[in-house]
Amino acid sequence: CILVCVSIFAPFIAPYERDELNLLDKYKAPCAEHLMGTDDLGRDIFTRLLYAGRISLSVGVISTLITIVIGVIIGSISGYYGGKIDSIFMRITDMFASLPFYIIAITVMALFGPSIYGTMIVMGCLWWTGTARLVRGQILSLREIEFMEAATALGISDLKKMYKFLLPNSIAPVIVSATLTIANAILTESALSYLGLGVQIPTPSWGNMLRLAQNMYILSNYWWIWVPPGLCIFITVMSFNFLGDGLRDALDPRLKN
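Residues numbered from 1 in each chain as written. Predicted model: local features only at pLDDT ≥ 70, side-chain atom pairs only at ≥ 80, totals over all residues. Heavy atoms only, no water.

Caption draft 1: Highlighting the overall build of the protein. Helix and strand content of the protein: 12 helices and 0 strands. Starting at the N terminus and walking to the C terminus, you meet the elements of the protein as α-α-α-α-α-α-α-α-α-α-α-α. Counting only contacts in the protein whose residues sit at least 6 apart along the sequence, the fraction spanning at least 24 positions is 68%. (Helix = DSSP H or I, 4+ residues; strand = E, 2+ residues; numbered from the N terminus. Contact = heavy atoms within 4.5 Å.)

Caption draft 2: Representation of the pattern of salt bridges within the structure. Here the structure, examined in full by the defined rule, presents 5 salt bridges. Put simply, R43 and D39 hold a salt bridge, and the shortest N to O gap is 2.9 Å. Between R133 and D94 there is a salt bridge, with the nearest N and O atoms lying 2.6 Å from each other. Of this pair, R133 sits in helix α7 (residues 128-142) while D94 sits in helix α4 (residues 83-97), and the two are 39 residues apart along the sequence. What makes R133 partly exposed here is its relative accessible area of 37%. The network of salt bridges with common partners includes D39, R43 and R48. (Salt bridge = Lys/Arg side-chain N within 4 Å of Asp/Glu carboxyl O. Buried < 20%, exposed > 50% of the residue type's maximum accessible area, 1.4 Å probe, protein only.)

Caption draft 3: Structural context of the packing of aromatic side chains. Taken as a whole, this structure holds 7 aromatic pairs when the rule is applied. Taken together, a centroid distance of 5.2 Å and an interplanar angle of 75° make the contact between F101 and Y102 edge-to-face. On the accessibility criterion, F101 (13% relative accessible area) is buried. According to the relative accessible area criterion, Y102 is partly exposed, its value standing at 41%. Pairing W223 with W224 gives two aromatic rings, centres 5.8 Å apart and planes at 85°, and the pair type is edge-to-face. Of the residues examined, W224 reaches a relative accessible area of 6% and is grouped as buried. Put simply, the rings of Y217, Y222, W223 and W224 touch in pairs and so form one group of aromatic residues. (Phe/Tyr/Trp six-rings, centres within 6.5 Å; stacked < 30°, edge-to-face > 60°.)

Caption draft 4: Quick peek at the nonpolar core. Of all hydrophobic cores here, the largest spans 19 residues; its most connected members are I186, W206, M209, I225 and F240. Contributions of two or more residues to this core are made by α3 (45-81), α9 (158-194), α10 (206-209) and α12 (223-251). Here this core gets 6 residues from one element, more than from any other, and that element is α12. Counting residues in hydrophobic clusters, the runner-up holds 15 residues, among them I55, V59, A185 and L192. (Core = buried A, V, L, I, M, F, W, Y, C linked by side-chain atoms within 4.5 Å.)

Caption draft 5: Fine view of the packing of α3 against α7. Viewed as axis vectors pointing N to C, α3 and α7 meet at an angle of 35°, and their least axial separation amounts to 7 Å. Once α3 is placed against α7, the crossing between them reads as right-handed. Of the residues in α7, those in contact with T67, I68, I70, G71, V72, I74, G75, S76, S78, G79 and Y80 of α3 are W128, T131, A132, V135, R136, I139 and L140. Considering only residue class, the contact of α3 with α7 consists of 10 nonpolar, 7 polar and 1 charged. (Axes fitted to C-alpha atoms, helices over the stretch in contact; angles between N-to-C directions. Left-handed = near helix turned anticlockwise from the far one by under 90°. Nonpolar A, V, L, I, M, F, W, Y, C, P; charged D, E, K, R; others polar.)

Caption draft 6: Representation of α3 in the model. Helix length check: α3 (37 residues) gives 53 Å between terminal C-alpha atoms against 54 Å at 1.5 Å per residue, within 8%. Looking one or two places after α3, you find G82, whose phi comes out positive at around 60°. (Expected span 1.5 Å × (residues − 1).)

Caption draft 7: Region of the structure containing the confidence of the model for the protein. Residue-level pLDDT values for the protein average 78, and 85% of them are 70 or greater. No element of the protein has a lower mean pLDDT than helix α2 (residues 10-13), at 50, and none a higher one than α4, at 88. (pLDDT = per-residue confidence, 0-100.)

Caption draft 8: Spotlight on the side chain of T181. Secondary-structure assignment places T181 in helix α9. Not counting chain neighbours up to four residues away, the residues in contact with T181 comprise T64 and W127.

Caption draft 9: The environment of K26, seen in detail. Structurally, the position occupied by K26 is in the loop between α2 and α3. Sequence separation between K26 and R43 is 17 residues, and the spatial gap between their C-alpha atoms is 7.3 Å. Apart from the residues lying within four places of it in its own chain, the contact partners of K26 are T38, D39, D40, L41 and G42.

Caption draft 10: Fine view of α7. Relative to the 21 Å expected for 15 residues at 1.5 Å per residue, α7 spans 21 Å between its end C-alpha atoms, a close match to the ideal helical length. Listed as buried for α7 are W128, T129, T131, A132, V135, I139 and L142. For α7, the angular spread of buried residues about the axis comes to 155°, placing them on one side. (Arc of directions from axis to C-beta.)

As structure tokens, then:
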């Protein structure tokens, strides 16, 4: 929560000037003026870390929202109607699930150029398969319950039955899955940015901040270059994983007395 709040209010905490460089202060160790030191261009690492958090968290949240929208739509239709529609949608889901993510991501970035929007879209369009299967399984079990038979007897339309009765009762595991997907998306964005295929410099993200530590000399002598962004990735991903576990326990009726 602290990381999220600090990242959101970064402009009010530390003004960030993208083009303001001071080469005389490059690789400066942490001090009172620069709490986390400076990088190879004399830029304050603490300020860049805050803005990088906004980018990395945005990628994680938006790509997860794309995943949820696609997965919920396909899973709902497949689970509710069943039969041939279910078979077709599930075969499409299997096809997308079998695609190698990093190869597809690298190919798309090479063709259209690396960008933050491309990273979000690629992750969102390739990761919806798990959500679709989860929603389909929930709806398959819910559609045979008595309240669905009552809704059918009342003449309620299929669309209304899905969004008013089925989805609200199957959304709990989707929320838990979403928190874990956000954590995975942040890790993936960091990996792609580290390879130069995600968020591009000078826009900071935790992943491309780690690109500066690609040689042994910096790893050995300038620890403040790579330790802060690495810790931010670790703490954020671990926090979202804990949040997912907590939500799973809180939303599971079997664990309630």
